[in-house]
Amino acid sequence: MIRDNQARTAPVRVGIIGAGNVLWAYLQVLDRLIPKGQALLGPVCVRSEERRSELYARRPGIHIVEDAQQVLTSNVDVVLIITSPDSHAQLARRALEHGKHVVVEKPLAQTRAEAEAVAELAEKLGLHLLTAPFVQLAPTFRSFWSHLRRGEIGRLHSARGLYGNAGSTWASWYHEGRISPLAEVGIYNLKSLAAILGSVIEVFAAQHTATKSRTIGAIEILQPGHDVSHVILRHESGALSNVVSSHAIQRYRRPALEIYGTAGTANLLGDDWDPRGFEIWRNETNRWENYEPIEGTWTWTDGLAEIVRALQENRPPLANISHDLHLLDVIEAADQSARDGKWARVNSRVDEYDLSLREEIRDVHHVHDHTRPADEQ
């Protein structure tokens, strides 16, 4: 909970630590919020001189600093952390200790214990901690979730998810073995499936290295970590799901999620971080029904927009830290299972939270510009 009872009228000030490839997507979110008077961009910490020059050229007037401490001691309200994963927990803790709300890219930490300590600090200080991925915020996903929760395809018993890419040519940590494909890309599917099917109670996993060497700029990684992960999940409801995640998948064309029930089937189209609508088969109607995306301009970085609006409206963000902590438990259990060749237990649970859409959905079928949300047409 935030520490006062008044909604904000002043813009929310946002500082950023990190300047990797995802920076531009987050700046795009701010580009929507700033003209509305909802946000202001504060200092951006950039360590690379080359990156600083690029930012100055593309964003004249941007306030760049070289030390994260300069962001933490500034007058920003929110700190966005988009550095390499092994620094997330430490920087999130430091930001909280400086009284800042935090948005952090995935994963929050490299272990459940480390992440839990950060979450407990945020709770103690009365500050918001919002961690990627933000799939639960997408209006299309929330509508999909609502249809399933209403029992429209019966009791859910099976699901499949897949997300992968060909790997990175710019970040060595992708392939050094510290962050698995499950933790980097499969985490989207994990979060979606836990939201739909409930907590995971045990996992069985296997891993493989398909690409035997990687080149990142001038660096050659001769013994990269695993780049293929297959995981079977048993959910508390009894449902089974599986997730394939990889940094060796060149292309794919399939639904983000396939959900099977006793009375029908539902597919989320596109990716769960970029949903393109969904389709539902109900036995009672004996046909497929197609649903267009809701708010097609929603992006995977809109967790930043959510925390800005939450502060302005004096409400908690639509997030549940138990969900994110549970995912880290699942990832740790999957790593253990892959090593041992056995099922591994997951002891944590996700606290229930409501993802249903409460606001009236606008008809956006006849808008001129699908790159802009309805209130900007």
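Residues numbered from 1 in each chain as written. Predicted model: local features only at pLDDT ≥ 70, side-chain atom pairs only at ≥ 80, totals over all residues. Heavy atoms only, no water.

Bringing the sheet that holds strand 5 (residues 101–104) into the picture now. The strand order across the open sheet built from six strands is 3-2-1-4-5-6, with neighbouring strands paired in parallel fashion. Of all strands in the sheet, those bounded by a partner on one side alone are strand 3 (64–65) and strand 6 (129–131). In this structure, strand 4 (residues 78–81) lies alongside strand 5, joined through four bridges in parallel fashion. Bridge pairing in strand 5 links Val79 to Val102. (Pairing = 2+ DSSP bridges. Helix = DSSP H or I, 4+ residues; strand = E, 2+ residues; numbered from the N terminus.)

Moving on, we come to empty space enclosed by the protein. With the rule as written, the count across this model stands at three cavities of 30 Å³ or more. Of the voids in this model, the largest cavity is the one considered here, and its volume is about 60 Å³. Surrounding the largest cavity, Ala138, Pro139, Thr140, Asp274, Pro275, Pro293, Ile294, Glu295, Gly296 and Trp298 form its lining. Of all the elements in the fold, those that place two or more residues in the lining of the largest cavity are helix 6 (139–149) and strand 15 (274–282). Grouping the amino acids of the lining of the largest cavity by side-chain chemistry returns six nonpolar, two polar and two charged. In terms of lining, the second largest cavity is formed by Pro107, Leu108, Thr131, Ala132, Ile187, Asp324, Leu325, Leu327 and Leu328. Top element by residues in the lining of the second largest cavity is helix 9 (residues 321–340). It accounts for four residues. Partitioning the lining of the second largest cavity into residue classes produces seven nonpolar, one polar and one charged. (1 Å grid on protein atoms, 1.4 Å probe; cavity = no way out; pocket = protein on both sides within 12 Å on 5 of 7 lines; lining within 4 Å. Points joined across faces, edges and corners; volume = space filled by probe spheres on them. Nonpolar A, V, L, I, M, F, W, Y, C, P; charged D, E, K, R; others polar.)

Turning to the sheet that holds strand 11 (residues 228–235), a few remarks are in order. Note: strands within a sheet are paired through backbone hydrogen bonds, in either parallel or antiparallel orientation. Taken together, the nine strands give an open sheet; going across it, the order is 16-15-14-13-7-12-11-8-17, and neighbouring strands pair in mixed fashion. Looking at which strands have only one partner, the edges of the open sheet turn out to be strand 16 (287–291) and strand 17 (344–345). Contacts from helix 6 reach strand 7 (156–164), strand 13 (257–261), strand 14 (264–271), strand 15 and strand 16 within the one sheet, and its direction differs from that of strand 15 by about 20 degrees. Those strands touched by helix 7 (residues 181–197) are strand 7, strand 11, strand 12 (240–246) and strand 13, and its axis lies near 155 degrees from that of strand 12. (Contact = heavy atoms within 4.5 Å. Axes fitted to C-alpha atoms, helices over the stretch in contact; angles between N-to-C directions.)

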